[in-house]
Amino acid sequence: PLTILAVADRPSIEAASPLIVAVGGTESLSIAVDRSSDNDNSETLSVELMVASDGSGFPIGVLSAPVLFPGISFSRLGDDLGTDLYLVEAVGDTPEEREAILDAFLVTGIFFTPRPSLSGYFPQGITVTAISTEAAST
């Protein structure tokens, strides 16, 4: 027997603008993702968001999704060394459908709320990683 693991092409991601939030405020994130080529409809595109720590062992704030779009899952995976980790995944019949759902959600659906009374400049802020996972083929 022989198993050949497929390799997913690398997607790209970028923030539409810097995030500036007033103390006590909440601000929408605006993220653009370009999926990798998926000619055989075997890739799953997800986005991981990590909220940095301010050095005290606590994250600088929280992410929320007040309204979930159909076909989107948004979950908090937990924390690691004071950071908070979140995962966004889209479900759809075609790569184009999954990308459209994910793009629409990432542009308007996720909000950042800083920790109460926290202020300052945080260069690590929120790290956003696009992940393309290729299904294994045999």
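Going by the structure above, here's the rest.
Scope of this entry: the structure provided in the associated data block.

Cut-offs used in this document
- Residues numbered from 1 in each chain as written.
- Predicted model: local features only at pLDDT ≥ 70, side-chain atom pairs only at ≥ 80, totals over all residues.
- Heavy atoms only, no water.
- Helix = DSSP H or I, 4+ residues; strand = E, 2+ residues; numbered from the N terminus.
- Expected span 1.5 Å × (residues − 1).
- Buried < 20%, exposed > 50% of the residue type's maximum accessible area, 1.4 Å probe, protein only.
- Arc of directions from axis to C-beta.
- Polar contact = N/O pair within 3.5 Å; in protein donor to acceptor, adjacent residues only side chain to side chain.
- Contact = heavy atoms within 4.5 Å.
- Pairing = 2+ DSSP bridges.
- Salt bridge = Lys/Arg side-chain N within 4 Å of Asp/Glu carboxyl O.

Focus: helix α1 (residues 95-108)
- With 14 residues, α1 extends 20 Å between its outermost C-alpha atoms, agreeing within 8% with the 20 Å of an ideal straight helix rising 1.5 Å per residue.
- Of the residues making up α1, those classed as buried are P95, R98, E99, I101, L102, F105 and L106. Each buried residue of α1 lies within a common arc of 165° when the element is viewed along its axis, so the set occupies one face.
- A side-chain oxygen of the first residue of α1 lies 3.0 Å from the backbone nitrogen of E97; this N-cap is T94.

Overview of the side chain of D84
- By secondary structure assignment, the location of D84 is in strand β7 (residues 83-90).
- Overall, the relative accessible area of 4% leaves D84 in the buried class.
- Side-chain polar atoms of D84 contact the side chain of Y86, separated by 3.5 Å.
- Sequence-distant contacts of D84, that is, excluding residues within four places in its chain, are made with L49, M50, V51, P59, G61, V62, R76, G78 and D79.

Topic: the sheet that holds strand β8 (residues 111-114)
- The strand order across the open sheet formed by three strands is β2-β8-β5, and the pairing between neighbours is antiparallel. With one partner strand each, in any of the chains shown, β2 (27-28) and β5 (61-64) form the two edges of the open sheet.
- Pairing of β5 with β8, which is carried by four bridges, proceeds in the antiparallel orientation. Counted as the bridge partner of G61 is P114 from β8.

Topic: the pattern of salt bridges
- Scanning all chains against the criterion turns up two salt bridges.
- With a shortest N-O distance of 2.7 Å, R115 and D54 are connected by a salt bridge. Linking R115 in the loop between β8 and β9 (126-134) with D54 in the loop between β4 (43-51) and β5, this pair joins segments that are 61 residues apart in sequence.
- Take R115: its relative accessible area is 26%, and that puts it in the partly exposed class.
- Note that D84 is salt-bridged to R76, the shortest N-O span being 2.7 Å.

Nothing here speaks to function; it is geometry throughout.
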